[in-house]
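Residues per chain are reported as follows:
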Amino acid sequence: MRQRIRKSILIFSLLLFPITFMLLSPFVIVVSAANGVFNGSAMIFGLLLFFSMVGSRLFCGWLCPGGALQENIAVVNDRHWNSKKKNISKYITWTIWFSFIVFLWLQHPRLKGDFLYFIEFNFQYFIIYAIVMVIIYLFTLVTGRRGMCHSLCWMAPFMVIGEKLADFLHIPRFRLAAKPESCISCGKCTKNCPMGLDVETMVKAGVMESSECINCLECVDGCPKKAIGFGVFQKQ
Ligand code: SF4
Ligand code: SF4
């Protein structure tokens, strides 16, 4: 039932994406910064960082329209696209991209806040939207399970930073917890994980920490032995 709700929310978010996508854009924030404007996507990325200090990556698992599109593509390519090497690329591109934005912000002594800056719902807007959708679609079609979340997403690093910051400050946040003794090695959790994580190994090791986990709770809901739980607590 919970997963049906999660998938419905994701589909709803995907349907709203034609309206919201400029607010999650990695490009509009650059144009805005160049013009001394602190725009909607800058505000949303900042909010995501603060939210993740308690909510970890719940946004990715439950609300992200790009994630929603990718989970639907998994029907065609279910390959596990996940490794340290592949995941590191998003941090490299994010560091270059965000440093450039900060550099642009610093060129302006006073930034002006404008949530809808640069957004105009015209023909060009919808063409750009279509191009972005095709890129996400094709990339995931080639890579596999949420390939874009692993290697390209510009929003994920904000949330990973929020998680690390919460751990550093000993702030309790949303996490998974394992009961290794209950596990019967059926492999369902690994099979169900939309991020292609080796959840069974994580459960057996009793370590559920992963910056790639999007807190979707597929593993929790699919485990026949209730060997995985979740809650809001500090790093142990
Ligand atoms: S689904 Fe549950 S029982 Fe099966 S491998 Fe995963 S943790 Fe173990
Ligand atoms: S480990 Fe569990 S909660 Fe995390 S992404 Fe995989 S299925 Fe979702």
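Residues numbered from 1 in each chain as written. Chains lettered and ligands numbered in written order. Predicted model: local features only at pLDDT ≥ 70, side-chain atom pairs only at ≥ 80, totals over all residues. Heavy atoms only, no water.

### Side note on the pattern of salt bridges
Counted only if it meets this: The term salt bridge refers to a side-chain nitrogen of Lys or Arg lying within 4 Å of a carboxyl oxygen of Asp or Glu. Counting from the N terminus, the helices are the DSSP runs of H or I reaching at least four residues and the strands are the DSSP runs of E reaching at least two. Only protein chains enter the calculation, and the probe is 1.4 Å; a residue is then buried if its accessible area is under 20% of its type maximum, exposed if over 50%, and partly exposed in between.
Summed over the entire model, instances satisfying the criterion amount to 13 salt bridges. The residue Arg 173 makes a salt bridge to Glu 209 at a minimum N-O spacing of 3.4 Å. Highlighted residues: Arg 173 in strand β3 (residues 173-178) and Glu 209 in the loop between α11 (199-205) and α12 (218-222), separated in sequence by 36 residues. A residue is classified by how much of its surface remains accessible, and Arg 173, at 5% relative accessible area, is buried. Exposure remark for Glu 209: the relative accessible area of 37% places this residue in the partly exposed category. Between Arg 175 and Glu 209 there is a salt bridge, with the nearest N and O atoms lying 2.5 Å from each other. With Arg 175 in strand β3 and Glu 209 in the loop between α11 and α12, the pair connects residues that are 34 residues apart, well separated along the chain. For Arg 175, a relative accessible area of 3% gives the class buried.

### So, the packing of helix α3 (residues 40-55) against helix α9 (residues 156-168)
The test is simple: Helix axes use the C-alpha atoms of the stretch in contact, all axes being lines fitted to C-alpha atoms, and the angles between their N-to-C directions lie in the range 0 to 180 degrees. Helix crossings are classified by the rotation of the near helix relative to the far one: an anticlockwise turn of less than a right angle makes the crossing left-handed, while a clockwise turn makes it right-handed. Residues are treated as being in contact if the distance between any of their heavy atoms lies within 4.5 Å. Ten residues, namely Ala, Val, Leu, Ile, Met, Phe, Trp, Tyr, Cys and Pro, are considered nonpolar, four, namely Asp, Glu, Lys and Arg, are considered charged, and the remaining ones, Gly among them, are considered polar.
In contact at an axis separation of 7 Å, α3 and α9 are set at 35 degrees when each is read in the N-to-C sense. Relative to α9, α3 is oriented so that their crossing is right-handed. Across the interface between the two elements, Phe 45, Leu 48, Leu 49, Ser 52 and Met 53 from α3 touch Phe 158, Met 159, Ile 161, Gly 162, Glu 163, Leu 165 and Ala 166 from α9. Looking at the contact of α3 with α9 residue by residue, the classes come out as 9 nonpolar, 2 polar and 1 charged.

### What about helix α1 (residues 2-20)?
Where we set the bar: To get the bend at any residue, fit one axis to the seven residues that end at it and another to the seven that begin at it, then take the angle between the two axes.
Along α1, the sharpest change in direction is near 30 degrees and occurs at Leu 14; proline Pro 18 comes one to four residues later. The set of residues buried in α1 consists of Gln 3, Arg 6, Leu 10, Ser 13, Leu 14 and Phe 17. The inward-facing, buried residues of α1 abut α4 (58-62), α5 (65-73), α7 (123-143) and α12.

### With respect to the site of ligand 1
Under the convention used in this document: Whether a residue is near a molecule or strand is decided by its heavy atoms; if any one of them lies within 4 Å of it, the residue is near.
Surveying the vicinity of ligand 1 reveals the residues Cys 183, Ile 184, Ser 185, Cys 186, Gly 187, Lys 188, Cys 189, Glu 200, Val 203, Cys 223, Pro 224 and Ala 227. If you list the elements that add at least two residues to the shell around ligand 1, you get α10 (188-192) and α11. Here the shell around ligand 1 is composed, by residue class, of 8 nonpolar, 2 polar and 2 charged.

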